[in-house]
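Fold and contact review
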Amino acid sequence: MSIQDIIEGKKEWRAHMARVKALPQDYQIVYKELQKYLFKVGPVELTEGTGLLSGIVDLFEEGAASGKGVLEVTGSDVAAFCDDLIKDSKTYTDIYQESANQEVNKAIKKVTDKTK
(Lines give C-alpha, C1' and ligand atoms only; values in the text may rest on other atoms or scores of the structure.)
Protein backbone atom coordinates (compact mmCIF):
# COMPACT_ATOMS: atom_id res chain seq x y z
CA MET A 1 0.00 0.00 0.00
CA SER A 2 1.49 3.30 -1.06
CA ILE A 3 1.41 6.55 0.84
CA GLN A 4 -1.00 7.90 -1.76
CA ASP A 5 -3.37 4.99 -1.06
CA ILE A 6 -3.22 5.76 2.66
CA ILE A 7 -3.96 9.44 2.04
CA GLU A 8 -6.89 8.60 -0.25
CA GLY A 9 -8.21 6.13 2.32
CA LYS A 10 -8.10 8.79 5.04
CA LYS A 11 -9.89 11.28 2.79
CA GLU A 12 -12.56 8.70 2.01
CA TRP A 13 -12.97 7.89 5.72
CA ARG A 14 -13.26 11.57 6.71
CA ALA A 15 -15.90 12.17 4.02
CA HIS A 16 -17.76 9.08 5.22
CA MET A 17 -17.70 10.25 8.84
CA ALA A 18 -18.91 13.71 7.78
CA ARG A 19 -21.97 12.00 6.29
CA VAL A 20 -22.52 10.13 9.56
CA LYS A 21 -22.27 13.36 11.58
CA ALA A 22 -24.93 14.93 9.34
CA LEU A 23 -27.45 12.23 10.32
CA PRO A 24 -30.00 12.81 13.10
CA GLN A 25 -28.74 11.93 16.59
CA ASP A 26 -30.64 8.63 16.89
CA TYR A 27 -29.19 7.47 13.57
CA GLN A 28 -25.68 8.43 14.69
CA ILE A 29 -26.06 6.43 17.89
CA VAL A 30 -27.19 3.31 16.04
CA TYR A 31 -24.55 3.78 13.32
CA LYS A 32 -21.77 3.89 15.94
CA GLU A 33 -23.07 0.69 17.54
CA LEU A 34 -23.35 -0.98 14.12
CA GLN A 35 -19.82 0.09 13.32
CA LYS A 36 -18.45 -1.29 16.61
CA TYR A 37 -20.32 -4.55 16.09
CA LEU A 38 -19.09 -4.95 12.53
CA PHE A 39 -15.51 -4.13 13.46
CA LYS A 40 -15.61 -6.87 16.11
CA VAL A 41 -17.36 -9.66 14.23
CA GLY A 42 -17.61 -8.28 10.77
CA PRO A 43 -16.49 -9.19 7.34
CA VAL A 44 -12.95 -9.12 6.06
CA GLU A 45 -14.06 -6.70 3.34
CA LEU A 46 -14.37 -3.89 5.92
CA THR A 47 -10.62 -3.43 5.57
CA GLU A 48 -11.05 -2.73 1.86
CA GLY A 49 -12.76 0.66 2.05
CA THR A 50 -16.06 1.99 3.28
CA GLY A 51 -18.37 0.08 0.91
CA LEU A 52 -20.56 -1.71 3.44
CA LEU A 53 -20.54 1.18 5.89
CA SER A 54 -21.36 3.66 3.11
CA GLY A 55 -24.29 1.49 2.14
CA ILE A 56 -25.56 1.70 5.71
CA VAL A 57 -25.21 5.49 5.65
CA ASP A 58 -27.10 5.57 2.33
CA LEU A 59 -29.91 3.57 3.92
CA PHE A 60 -29.90 5.80 7.01
CA GLU A 61 -29.95 8.98 4.91
CA GLU A 62 -32.97 7.67 3.01
CA GLY A 63 -34.73 6.70 6.24
CA ALA A 64 -34.05 10.08 7.84
CA ALA A 65 -35.19 11.93 4.71
CA SER A 66 -38.47 10.03 4.73
CA GLY A 67 -39.01 10.85 8.42
CA LYS A 68 -38.56 7.32 9.75
CA GLY A 69 -36.99 6.61 13.11
CA VAL A 70 -33.76 4.64 12.94
CA LEU A 71 -35.29 1.51 14.50
CA GLU A 72 -37.96 1.56 11.81
CA VAL A 73 -35.10 1.17 9.34
CA THR A 74 -33.03 -1.44 11.19
CA GLY A 75 -35.63 -3.13 13.35
CA SER A 76 -35.29 -3.36 17.12
CA ASP A 77 -32.59 -6.07 16.97
CA VAL A 78 -29.66 -4.10 15.61
CA ALA A 79 -27.23 -7.04 15.91
CA ALA A 80 -29.56 -9.20 13.81
CA PHE A 81 -29.69 -6.38 11.24
CA CYS A 82 -25.87 -6.47 11.08
CA ASP A 83 -25.78 -10.24 10.89
CA ASP A 84 -28.21 -10.14 7.98
CA LEU A 85 -25.99 -7.60 6.17
CA ILE A 86 -22.92 -9.81 6.44
CA LYS A 87 -24.50 -13.27 6.21
CA ASP A 88 -22.83 -14.05 2.87
CA SER A 89 -19.49 -12.40 3.70
CA LYS A 90 -16.37 -14.08 4.97
CA THR A 91 -15.68 -12.91 8.52
CA TYR A 92 -12.60 -12.97 10.71
CA THR A 93 -14.43 -15.59 12.77
CA ASP A 94 -14.63 -17.81 9.69
CA ILE A 95 -10.90 -17.39 9.04
CA TYR A 96 -10.07 -18.18 12.66
CA GLN A 97 -12.30 -21.25 12.66
CA GLU A 98 -10.66 -22.53 9.46
CA SER A 99 -7.21 -21.93 10.92
CA ALA A 100 -8.07 -23.72 14.18
CA ASN A 101 -9.50 -26.69 12.29
CA GLN A 102 -6.43 -26.90 10.05
CA GLU A 103 -4.09 -26.81 13.05
CA VAL A 104 -6.04 -29.53 14.86
CA ASN A 105 -6.13 -31.73 11.75
CA LYS A 106 -2.41 -31.21 11.15
CA ALA A 107 -1.56 -32.08 14.78
CA ILE A 108 -3.76 -35.18 14.78
CA LYS A 109 -2.28 -36.34 11.48
CA LYS A 110 1.23 -35.88 12.85
CA VAL A 111 0.40 -37.95 15.96
CA THR A 112 -1.34 -40.73 14.01
CA ASP A 113 1.48 -40.89 11.46
CA LYS A 114 3.98 -41.46 14.30
CA THR A 115 1.96 -44.34 15.73
CA LYS A 116 1.78 -46.21 12.42
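Below is a short write-up of the structure. (Residues numbered from 1 in each chain as written. Predicted model: local features only at pLDDT ≥ 70, side-chain atom pairs only at ≥ 80, totals over all residues. Heavy atoms only, no water.)

**Comments concerning the nonpolar core**
For soluble globular proteins, the rule of thumb is that nonpolar side chains tend to be buried together. Membership of the largest hydrophobic core comes to 18 residues, with the highest contact counts inside it found for Val-30, Tyr-31, Leu-34, Leu-38, Ile-56 and Phe-60. When residues of this core are traced back to their parent elements, those giving at least two are helix 1 (3-21), helix 2 (25-41), helix 3 (51-65) and helix 5 (78-85). Residues within four places of Phe-60 in sequence aside, it is in contact with Leu-23, Tyr-27, Val-30, Tyr-31, Leu-34, Val-70, Val-73 and Thr-74. (Core = buried A, V, L, I, M, F, W, Y, C linked by side-chain atoms within 4.5 Å. Buried < 20%, exposed > 50% of the residue type's maximum accessible area, 1.4 Å probe, protein only. Helix = DSSP H or I, 4+ residues; strand = E, 2+ residues; numbered from the N terminus. Contact = heavy atoms within 4.5 Å.)

**With respect to the pattern of salt bridges**
Where side chains of opposite charge bring their charged atoms close, a pairing between them can arise. Under the definition given, this model contains eight salt bridges. A salt bridge links Arg-19 to Asp-58, with the nearest nitrogen and oxygen atoms 2.4 Å apart. Linking Arg-19 in helix 1 with Asp-58 in helix 3, this pair joins segments that are 39 residues apart in sequence. Among the salt bridges present, the one from Arg-19 reaches Glu-61, with a minimum N-O distance of 2.8 Å. Within this pair, whereas Arg-19 is found in helix 1, its partner Glu-61 is found in helix 3, the two being separated by 42 residues in sequence. Look at Glu-61 and you get partly exposed, because its relative accessible area is 31%. (Salt bridge = Lys/Arg side-chain N within 4 Å of Asp/Glu carboxyl O.)

**Details of helix 1**
Compared with the 27 Å implied by 1.5 Å per residue over 19 residues, the 27 Å span of helix 1 between its first and last C-alpha is a close match. Buried residues in helix 1 make contact with helix 2 and helix 3. (Expected span 1.5 Å × (residues − 1).)

**What about the environment of Thr-112?**
By the secondary structure assignment, Thr-112 is in helix 6 (residues 92-115). The spacing of Thr-112 and Asp-58 is 54 residues in sequence and 54 Å in space, taken between C-alpha atoms. A polar atom in the side chain of Thr-112 sits 3.0 Å from the backbone oxygen of Lys-109. (Polar contact = N/O pair within 3.5 Å; in protein donor to acceptor, adjacent residues only side chain to side chain.)

**Examining the packing of helix 1 against helix 2**
Between helix 1 and helix 2, whose axes approach to 9 Å, the crossing angle comes to 140°. With respect to their mutual orientation, helix 1 and helix 2 come out oblique. Contact with helix 1, carried on its side by Trp-13, His-16, Met-17, Val-20 and Lys-21, involves Gln-28, Tyr-31, Gln-35 and Phe-39 of helix 2 and no other residues of that element. Residues belonging to the contact of helix 1 with helix 2 are distributed by class as follows: five nonpolar, three polar and one charged. (Axes fitted to C-alpha atoms, helices over the stretch in contact; angles between N-to-C directions. Parallel < 35°, antiparallel > 145°, perpendicular 65-115°, else oblique. Nonpolar A, V, L, I, M, F, W, Y, C, P; charged D, E, K, R; others polar.)

**A word on the side chain of Ser-54**
Residue position: Ser-54 is located in helix 3. A relative accessible area of 16% means that Ser-54 is categorised as buried. For Ser-54, the side chain forms a polar contact with the side chain of His-16, separated by 3.5 Å. The residues touching Ser-54, leaving out its near neighbours within four places in the chain, are His-16 and Arg-19.

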